[in-house]
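# Reading the structure
What follows is the residue order along each chain.
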Amino acid sequence: MRHIITILFNNFETLDVFGPVEIIGRLKKDFNLHFHSLEGGIIISSQDVPVLTKPISEITADNYILIVPGGMGVRELINDNNFLDHLKALSQNAEHILTICTGSILLSKTGLLDGKRATTNKRVFQWTAELPEVDWVKRARWVKDGNIYTSSGVSAGIDMTLGFIADLLGYEVAKRQSTEIEYDWKEDADWDPFSEIY
């Protein structure tokens, strides 16, 4: 049983979290879901969805999979050193890290993406010019570099999570999940028509 730690903050993007959670949460024998925020309590998404979280200080697992979503709240947090310090400490103890959308921008501000390949939401790709230490991949649905997975825009997190499940538990497990939820899984990590639009 692996623990999944999802870090939430106000104005996170709802589908960034609950797209991957739909996939992972179906695999109850393999994963245990946890939702945390800096201080705990109710966190509200950009779409006004409330989620009850526990404080980061209550994370007791030694080894876990970390999920970092994006959303409008990222704009405030990229300069919040307290949050970034906690995110860095959590990331350093993670078995795997999955970022969705601009969650990769947050992770990059910790320095843990330095020298690594990563992607982010193409609509805000200009942000990456301020972070030259990262090898930003403009055309990608998602990118895997070592134990870190980064995905593009909002729904790309679902495709990336299925790719992660395929890597971890096998292709058939991932394919079965996509079929059961009637989702057209984009299995090719390089598939990215949105990079041309934006």
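This section reports on the structure supplied with the text. Predicted model, so just to flag it, every value in this text is computed and none were measured.

## Some points on the overall build of the protein
- Per the secondary structure count, the protein includes seven helices and ten strands.
- Against the globule reference of 16 Å for 198 residues, the protein gives a C-alpha radius of gyration of 15 Å, in line with a compact fold.
- In terms of overall dimensions, the protein has a C-alpha envelope of 40 × 40 × 30 Å along the principal axes.
- Intrachain contacts of the protein at a sequence separation of at least 6 include 65% that bridge at least 24 residues.
- Within the structure as shown, the protein displays about 9200 Å² of accessible surface, and the carbon and sulfur contribution to it stands at 47%.
- Put simply, the protein has 19 plus and 28 minus side-chain charges, and the middle of one group is 3 Å from the middle of the other.

## Side note on the pairing of strand S2 (residues 31–37)
- As judged from the six bridges shared by strand S1 (residues 2–7) and S2, these two strands associate in the parallel manner. Following the sheet pairing, Arg-2 is matched in S2 by Phe-31.
- With helix H1 (residues 14–25) bridging S1 and its parallel neighbour S2, the resulting β-α-β unit is right-handed.
- When S2 meets strand S4 (residues 50–55), the two strands line up parallel, connected through two bridges. Bridge pairing links Ser-37 to Pro-55 in S4.

## Focus: a nonpolar patch on the surface
- A contiguous nonpolar surface patch, about 420 Å² in accessible area, is contributed by Trp-191, Phe-194, Ile-197 and Tyr-198.
- Within the fold, Ile-197 resides in helix H7 (residues 194–197).
- For Ile-197, a relative accessible area of 60% translates into the label exposed.

## Section: the environment of Ser-37
- Along the chain, Ser-37 turns up in strand S2.
- When the C-alpha positions of Ser-37 and Phe-9 are compared, they lie 6.1 Å apart, and in sequence the two are 28 residues distant.
- Those residues within four positions of Ser-37 in sequence are excluded, and the remaining contacts are Leu-8, Ile-43, Thr-53, Lys-54, Pro-55 and Ile-56.
- At 3.0 Å, the side chain of Ser-37 and the backbone nitrogen of Gly-40 are in polar contact.
- At 2.7 Å, the side chain of Ser-37 and the side chain of Thr-53 are in polar contact.

## Observations concerning the packing of aromatic side chains
- Counted under the stated rule, the structure contains five aromatic pairs.
- When the ring of Tyr-171 is compared with that of Trp-185, the centres are 5.8 Å apart and the planes differ by 25°; the resulting orientation is stacked. With a gap of 14 residues between them, Tyr-171 in helix H6 (residues 171–180) and Trp-185 in the loop between H6 and H7 connect regions that are remote in the sequence.
- A residue is classified by how much of its surface remains accessible, and Tyr-171, at 37% relative accessible area, is partly exposed.
- Lying across the ring of Trp-191, Lys-186 places its NZ or CZ 5.1 Å from the centre.

## Let's talk about the nonpolar core
- One finds Leu-66, Phe-83, Leu-106 and Trp-136 to be the most contacted residues of the largest nonpolar core, which totals 36 residues.
- Taken together, the elements giving at least two residues each to this core come down to S1, H1, strand S5 (64–68), helix H2 (74–77), helix H3 (81–92), strand S6 (94–99) and helix H4 (103–108).
- One finds Ile-24, Leu-27, Trp-142 and Ala-166 within the second-largest nonpolar core, a separate group that totals 21 residues.

Thresholds applied
- Throughout, residues of each chain are indexed from 1 in the direction in which the sequence is written.
- Where local features are concerned, this predicted model is filtered to residues with pLDDT of at least 70; where side-chain atom pairs are given and counted, the filter is 80 or more; whole-chain, interface and lining totals use all residues.
- Water and hydrogen atoms were dropped before computing side-chain values, which therefore reflect all heavy atoms in the structure.
- Secondary structure follows DSSP: runs of H or I at least 4 residues long count as helices, runs of E at least 2 residues long count as strands, and numbering of each begins at the N terminus.
- Within these notes, the globule rule equals 2.2 Å times the number of residues to the 0.38 power, and the radius of gyration is based on C-alpha atoms.
- The criterion used for residue contact is that any of the two residues' heavy atoms lie within 4.5 Å.
- Computed by Shrake-Rupley with a 1.4 Å probe, the accessible areas treat only the displayed protein chains as cover when residues are assessed.
- His is not counted here, nor are the chain ends, while Lys and Arg score as positive and Asp and Glu score as negative.
- Throughout, a charge is located at the NZ atom of Lys, the CZ atom of Arg, the CG atom of Asp or the CD atom of Glu.
- At least two DSSP bridges between two strands are required for those strands to pair.
- We call a crossover right-handed when, viewed with the strands running away from us, the connection from the first strand over the helix to the second turns clockwise.
- Patches here: salt-bridge-free residues with over 30% relative accessible area, like charges joined within 9 Å, nonpolar side chains (Val, Leu, Ile, Met, Phe, Trp, Tyr) joined within 5 Å.
- Here a salt bridge means any side-chain nitrogen of Lys or Arg lying within 4 Å of a carboxyl oxygen belonging to Asp or Glu.
- A simple rule labels every residue: compare its accessible area, found with a 1.4 Å probe on the protein chains alone, to the largest value its type can have, and call it buried under 20%, exposed over 50%, or partly exposed in between.
- Throughout this description, a polar contact denotes any pair of N or O atoms lying within 3.5 Å of each other; where both atoms belong to protein, one of them has to be capable of donating a hydrogen while the other can accept it, and for residues adjacent in sequence the pair is counted only when both atoms sit in side chains.
- Each Phe, Tyr or Trp ring (for Trp, its six-membered ring) is paired with any other whose centre lies within 6.5 Å, and the angle between the two planes then decides the class: stacked below 30 degrees, edge-to-face above 60, tilted in between.
- Comment: the charge-over-ring label is applied if NZ (Lys) or CZ (Arg) is within 6 Å of the ring centre and within 35 degrees of the ring normal.
- Side-chain atoms within 4.5 Å link the members of a nonpolar core, which is a set of buried Ala, Val, Leu, Ile, Met, Phe, Trp, Tyr and Cys residues.

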